[in-house]
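# Structural overview for review
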Amino acid sequence: MPIRVRYFASLREQLGRPEETLVADGIATVHDVWKCVNQGEAMVDNILAAVNMDYAKPDSPVKDGDEVAFFPPVTGG
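First, a word on scope: everything that follows refers to the structure included in this document. (Residues numbered from 1 in each chain as written. Predicted model: local features only at pLDDT ≥ 70, side-chain atom pairs only at ≥ 80, totals over all residues. Heavy atoms only, no water.)

### Here we look at unusual backbone geometry
A positive phi angle, close to 45°, is found at Gln-39, a residue other than glycine. In the Ramachandran plot, Asn-52 falls in the positive-phi region, its phi being about 50° despite a non-glycine side chain. Counting through the fold element by element, Asn-52 comes out in the loop between strand S3 (48-51) and strand S4 (54-56). Overall, Asn-52 belongs to the partly exposed group, its relative accessible area being 37%. (Helix = DSSP H or I, 4+ residues; strand = E, 2+ residues; numbered from the N terminus. Buried < 20%, exposed > 50% of the residue type's maximum accessible area, 1.4 Å probe, protein only.)

Here's what the structure looks like:
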């Protein structure tokens, strides 16, 4: 089963797509997912991520069937 990757807010606009699916081969962490969908670029420190709707760190594990979501930094006052 593939990994579903979703993008929110300005990340969706920057990447030009709301979501995509990945084959889990060689993907073990949230950071691996980010690198896979961003041509090998390292994950920026202020990007927020969630795995199956729970906030996650870049080294959080990812497996077949998971949903990984990326969010831009949250700002406000």
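On we go from here.
### Topic: helix H2 (residues 30-37)
All buried positions along H2 are accounted for by Val-30, Val-33, Trp-34 and Val-37. The arc that holds the buried residues of H2, viewed along the axis, is 100°, so those residues lie on one side. For H2, the secondary structure elements touched by its buried residues are strand S1 (3-7), helix H1 (10-15), strand S2 (19-22), S3, S4 and strand S5 (67-71). Residue Gln-39 follows H2 closely and has a positive phi angle near 45°. (Arc of directions from axis to C-beta. Contact = heavy atoms within 4.5 Å.)

### A closer look at the pattern of salt bridges
A complete count under the given rule lists 6 salt bridges for this structure. Of the charged contacts in the structure, one is a salt bridge between Glu-67 and Arg-6, with a shortest N-O distance of 3.8 Å. Placement of Glu-67 in strand S5 and of Arg-6 in strand S1 is noted, with a sequence separation of 61 residues between them. Taking the relative accessible area as the measure of exposure, Arg-6 reaches 23% and is therefore partly exposed. Salt-bridge contacts for Glu-20 lead to Arg-17; the nearest nitrogen and oxygen are separated by 2.6 Å. (Salt bridge = Lys/Arg side-chain N within 4 Å of Asp/Glu carboxyl O.)

### Some words on the side chain of Asp-66
Mapped onto the elements, Asp-66 comes out in the loop between S4 and S5. A polar contact of 2.8 Å, which involves the side chain of Asp-66, links it to the side chain of Asn-52. Other than its neighbours up to four places away in sequence, Asp-66 contacts Pro-2, Ile-3, Arg-4, Val-51, Asn-52 and Pro-61. (Polar contact = N/O pair within 3.5 Å; in protein donor to acceptor, adjacent residues only side chain to side chain.)

### A few points about the packing of aromatic side chains
Enumeration according to the criterion identifies 4 aromatic pairs in this entry. The interplanar angle of 10° and the centroid separation of 4.9 Å between the aromatic rings of Phe-8 and Phe-71 together place this pair among those described as stacked. Of this pair, Phe-8 sits in the loop between S1 and H1 while Phe-71 sits in strand S5, placing them 63 residues apart in sequence. Overall, Phe-71 belongs to the partly exposed group, its relative accessible area being 22%. With a centroid separation of 4.9 Å and an interplanar angle of 70°, the aromatic rings of Trp-34 and Phe-70 are classed as edge-to-face. Of this pair, Trp-34 sits in helix H2 while Phe-70 sits in strand S5, placing them 36 residues apart in sequence. Classification of Trp-34 by relative accessible area gives buried; the value is 6%. Here the aromatic cluster, defined as three or more aromatic residues joined through ring pairs, consists of Tyr-7, Trp-34 and Phe-70. (Phe/Tyr/Trp six-rings, centres within 6.5 Å; stacked < 30°, edge-to-face > 60°.)

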